[in-house]
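For reference, the chains in residue letters:
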Amino acid sequence: MREFDYQRASDVAGAVALLGADPDTRFLGGGTNLVDLMKSGVERPARLVDIRELPLDEIEPTPDGGLRIGATVTNGDLAAHPEIRRRYPALAQAVLAGASGQLRNMATVGGNLLQRTRCGYFTDVTKPCNKRVPGSGCPAIEGEHHNHAILGASGHCVAVHPSDMAVALAAFDAVVHFHAADGPGQSPLADFYLPVGDTPHRETALPPGALITHVTLPPAPVAARSRYRKVRERASYAFAIGSLAAALDVRDGVVQDARLAFGAVASRPWRAGAAERVLIGAPADAGTYAAAADAELAAARPLPHNGYKVELIRNLVVAVLSELAEEAAR
Ligand SMILES: Cc1cc2nc3c(=O)[nH]c(=O)nc-3n(C[C@H](O)[C@H](O)[C@H](O)COP(=O)(O)OP(=O)(O)OC[C@H]3O[C@@H](n4cnc5c(N)ncnc54)[C@H](O)[C@@H]3O)c2cc1C
Ligand code: SF4
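Residues numbered from 1 in each chain as written. Chains lettered and ligands numbered in written order. Predicted model: local features only at pLDDT ≥ 70, side-chain atom pairs only at ≥ 80, totals over all residues. Heavy atoms only, no water.

Trainee: Which residues make up the side chain of Arg259, and what values go with them?
Mentor: For Arg259, the location among the structural elements is in strand E11 (residues 254-263). At 3.4 Å, the side chain of Arg259 forms a polar contact with the side chain of Asp173. Once residues within four sequence positions are removed from consideration, Arg259 is found in contact with Ala171, Phe172, Asp173, Ala220, Val222, Ala245, Ala246, Ala247, Arg271 and Glu276. (Helix = DSSP H or I, 4+ residues; strand = E, 2+ residues; numbered from the N terminus. Polar contact = N/O pair within 3.5 Å; in protein donor to acceptor, adjacent residues only side chain to side chain. Contact = heavy atoms within 4.5 Å.)

Written out as structure tokens, the structure reads:
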């Protein structure tokens, strides 16, 4: 590992000033992704600015009735928070579905949103990879891609975003707030992750050197009846091969409101707007749920070895929405 300097930031503006425009400096959250990438040589920063002592570790109500989640709140504290569990249960479930207890106690909300893909070519510095070395190629397209994207990919990169938390945040219209050199800013999560196109190395709308300060969740009554279901190759300690965050409000047998987001299918959490439009106002039955899934998955462009994800996601949508509707009827 390359030698690096270490500094602790004590306030937000100071942290941003410390990072400055230096492309060789990184913020250090829990370090559970960054330090791994430094060990493998994917990241080689000359300096780390530790942000864990910043006053960004609270979960608080917002004036509009939503919640404000600080960027250094740990994944463990987020999943355990009573208001998250009561009002956005799919978010608590998504976080608990990730990593292990020890990792969740270190990992932070900001770091989780910015963690990098687990594509094996990206993490192996001996291999070409357009995301790591722009213009070097994408060996996954002809090679190992069984857990790569079926939606929104390009001929330049087919990697998926690994975060479970981000999938639930996408379903509930979260907004990412940051502090850049020229002051504070924000981006809806829906726009935070950039389209892959021919620039897979440009991943987010975060301005260079900006610090994520917090994430806000608007009030969403539908989220109180929500669920996160993750499919993975091992029962624990594994990233998703497909996942779903879903919320459903059913009255008199008709869907009043619905939220759906898919995980492990694209370079970003995939908000399933086409599926939601099919659901709202339609009878709450398996036929509607399947039609909703099909409407979203019509855009899927699977590779030779990941076509199973289309059926996996379709089955998840039908199963989870059926369960949520049955619970509502009790
Ligand atoms: C074995 C293992 C299994 C895992 N399984 C899962 C899983 O199943 N699901 C899942 O979702 N995750 C999983 N994770 C990922 C884990 O949740 C992430 O590593 C973690 O959330 C990253 O948070 P961190 O605070 O440690 O980030 P760090 O490693 O500290 O930082 C990650 C990146 O974000 C930047 N950064 C951090 N905070 C900020 C900020 N506030 N503003 C701007 N930039 C910032 C850093 O500079 C770095 O580039 C797993 C990790 C491991 C090691
Ligand atoms: S899928 Fe993306 S991250 Fe993986 S090798 Fe191709 S360019 Fe790199």
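Trainee: Got a sec to walk through the nonpolar core? Specific residues and values, please.
Mentor: By size, the foremost hydrophobic cluster in this structure holds 44 residues, and its most contacted members are Ile69, Leu78, Leu91, Leu169 and Leu189. Those residues within four positions of Leu91 in sequence are excluded, and the remaining contacts are Ile69, Leu78, Ile84, Met165, Ala168, Leu169, Phe172 and Leu217. Val250, Val255, Val265 and Tyr289 belong to the second largest nonpolar core, which has 30 residues in total. (Core = buried A, V, L, I, M, F, W, Y, C linked by side-chain atoms within 4.5 Å. Buried < 20%, exposed > 50% of the residue type's maximum accessible area, 1.4 Å probe, protein only.)

Trainee: I'd like a rundown of the layout of surface pockets, residues and numbers included.
Mentor: Looking at the second largest pocket, its volume works out to about 380 Å³. Lining the second largest pocket are 26 residues, with Arg118, Cys119, Asn147, Phe239 and Ala240 sitting closest to its centre. Sorting elements by how many residues they give to the lining of the second largest pocket places strand E10 (residues 240-251) first, with three residues. Partitioning the lining of the second largest pocket into residue classes produces twelve nonpolar, nine polar and five charged. (1 Å grid on protein atoms, 1.4 Å probe; cavity = no way out; pocket = protein on both sides within 12 Å on 5 of 7 lines; lining within 4 Å. Points joined across faces, edges and corners; volume = space filled by probe spheres on them. Nonpolar A, V, L, I, M, F, W, Y, C, P; charged D, E, K, R; others polar.)

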